[in-house]
Structure formats: C-alpha cells, structure tokens
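The chain contents come next:
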Amino acid sequence: MHHSQNRPAIDALQECILACEHCATACLQEEDVKMMARCIMLDRDCADICRLTMTLLARGSEHGKHLLRECMEVCEACAVECGKHHHDHCQECATACRRCVEACKSLAA
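Please read these numbers as outputs of a predicted model, since none were measured by experiment. (Residues numbered from 1 in each chain as written. Predicted model: local features only at pLDDT ≥ 70, side-chain atom pairs only at ≥ 80, totals over all residues. Heavy atoms only, no water.)

Section: the packing of helix H3 (residues 64–83) against helix H4 (residues 88–108)
Here is the rule: Each axis is a line fitted through C-alpha atoms, taken for helices only over the stretch in contact, and angles between the N-to-C directions span 0 to 180 degrees. Going along the chain from the N terminus, every DSSP run of H or I of four or more residues is numbered as a helix, and every run of E of two or more is numbered as a strand. When an angle is under 35 degrees it counts as roughly parallel; over 145 it counts as roughly antiparallel; between 65 and 115 it counts as roughly perpendicular; any other value is oblique. In this scheme the handedness of a crossing depends on how the near helix is turned from the far one: anticlockwise by less than a right angle means left-handed, clockwise means right-handed. Throughout, a contact is declared for two residues whenever any of their heavy atoms are within 4.5 Å. Lys, Arg, Asp and Glu make up the charged group, whereas Ala, Val, Leu, Ile, Met, Phe, Trp, Tyr, Cys and Pro make up the nonpolar group; the residues left over, Gly among them, are polar.
Between H3 and H4, the least distance of the axes is 8 Å, while the angle of their chain directions is 155°. Here H4 runs roughly antiparallel to H3, going by the angle between their axes. Classified by chirality, the crossing of H4 by H3 is left-handed. Between H3 and H4, the contacting residues are Lys-65, Leu-68, Cys-71, Met-72, Cys-75, Glu-76, Cys-78, Ala-79, Cys-82 and Gly-83 on the first element and Cys-90, Gln-91, Cys-93, Ala-94, Cys-97, Arg-98, Cys-100, Val-101, Cys-104, Lys-105, Leu-107 and Ala-108 on the second. Considering only residue class, the contact of H3 with H4 consists of 16 nonpolar, 2 polar and 4 charged.

Below, the structure is given as structure tokens:
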C-alpha cells in the first residue's frame, strides 16, 4: 500500500505522538506526580506504538497494518486514563488518542 493512502492515519498518529509526549512531560510537572504515574506510563507506551506504526505506514511497509490493532488498543487505554484527569494536557491527549483510534479503524477496515 502506498503511503499516500495512509496519510489520514499517519497525520492522526503524529498528532497523537505529540499530544502524548506533551502530556507525559506536563504530568511530570504536576504537584502529585505519583497520582499521574499510570497516565505517564500510558502516554509513553502510546507515543512509542504510534511512532512505530506511523513509521511503517509512512514507508508503505506490508507490516504497518498489523500494528493498527495494537495501536488502537493502547490509544484507547491512554484516552481512558487521560480522560480521568482534569488537566488541559490530559484532556487534549485523550482527544488526540480518540482521533487516532478512529483514523486507524478507518485504515484497518
């Protein structure tokens, strides 16, 4: 599959990576960092799986689509966790993760 067909998912993956990286960094600045530990861990996992998925899709790898299911699972978990917190960075991350899930679902279909 040519990478241009993957463009909407690639864009959503990139936005998700940026949101997760920002969220993890901002969570580390919160007063009660221990309370944010699961959020930070999921942010990092999500950014990593999105980065790998995006890279494979961008190069048109035949293996890119295999990662979509796992990527959607991690993004959904991250969205749920971030959605529990009222910080702007967490809410923005949850939104980006949900958009990423939808874009990946569309590509996987």
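Considerations on the environment of Leu-107
Rule in force here: Think of it in three bands: with a 1.4 Å probe and only protein chains considered, a residue is buried below 20% of the maximum accessible area for its type, exposed above 50%, and partly exposed in between.
As for its position among the elements, Leu-107 is in helix H4. A residue is classified by how much of its surface remains accessible, and Leu-107, at 11% relative accessible area, is buried. For the pair Leu-107 and Leu-13, spaced 94 residues apart in sequence, the C-alpha separation works out to 12 Å.

A word on H3
In an α-helix, one turn spans 3.6 residues, which is why side chains three or four residues apart end up on the same side. Rule in force here: Helix span is expected to be 1.5 Å times the residue number reduced by one. Here the bend at a residue is taken as the angle between two axes, fitted respectively to the seven residues that end there and the seven that start there.
Here H3 is 20 residues long and its end C-alpha atoms lie 28 Å apart, about the 28 Å a rise of 1.5 Å per residue gives. At Glu-70, H3 shows its maximal kink, close to 30°. Next to the buried residues of H3 lie helix H1 (7–27), helix H2 (37–58) and H4.

Brief notes about the pattern of salt bridges
Note the following rule: Any carboxyl oxygen of Asp or Glu that lies within 4 Å of a side-chain nitrogen of Lys or Arg is treated as forming a salt bridge with it.
Going through the model one piece at a time under the given rule, you end up with 6 salt bridges. Note that Glu-21 and Arg-51 form a salt bridge whose closest N and O atoms lie 2.8 Å from each other. Of this pair, Glu-21 sits in helix H1 while Arg-51 sits in helix H2, and the two are 30 residues apart along the sequence. Of the charged contacts, one joins Glu-81 and Arg-38 as a salt bridge, the two residues approaching to 3.8 Å between their closest N and O atoms.

Digging into the nonpolar core
Formally: Nonpolar cores are built from buried Ala, Val, Leu, Ile, Met, Phe, Trp, Tyr and Cys residues. Side-chain atoms within 4.5 Å join them into one set.
Among the nonpolar cores identified, the biggest contains 39 residues, and Cys-46, Cys-50, Cys-75 and Cys-97 are the most heavily contacted of them. When residues of this core are traced back to their parent elements, those giving at least two are H1, H2, H3 and H4. Apart from residues no more than four positions distant in its own chain, Cys-46 is found in contact with Cys-16, Cys-20, Val-74, Cys-75, Cys-78 and Cys-97.

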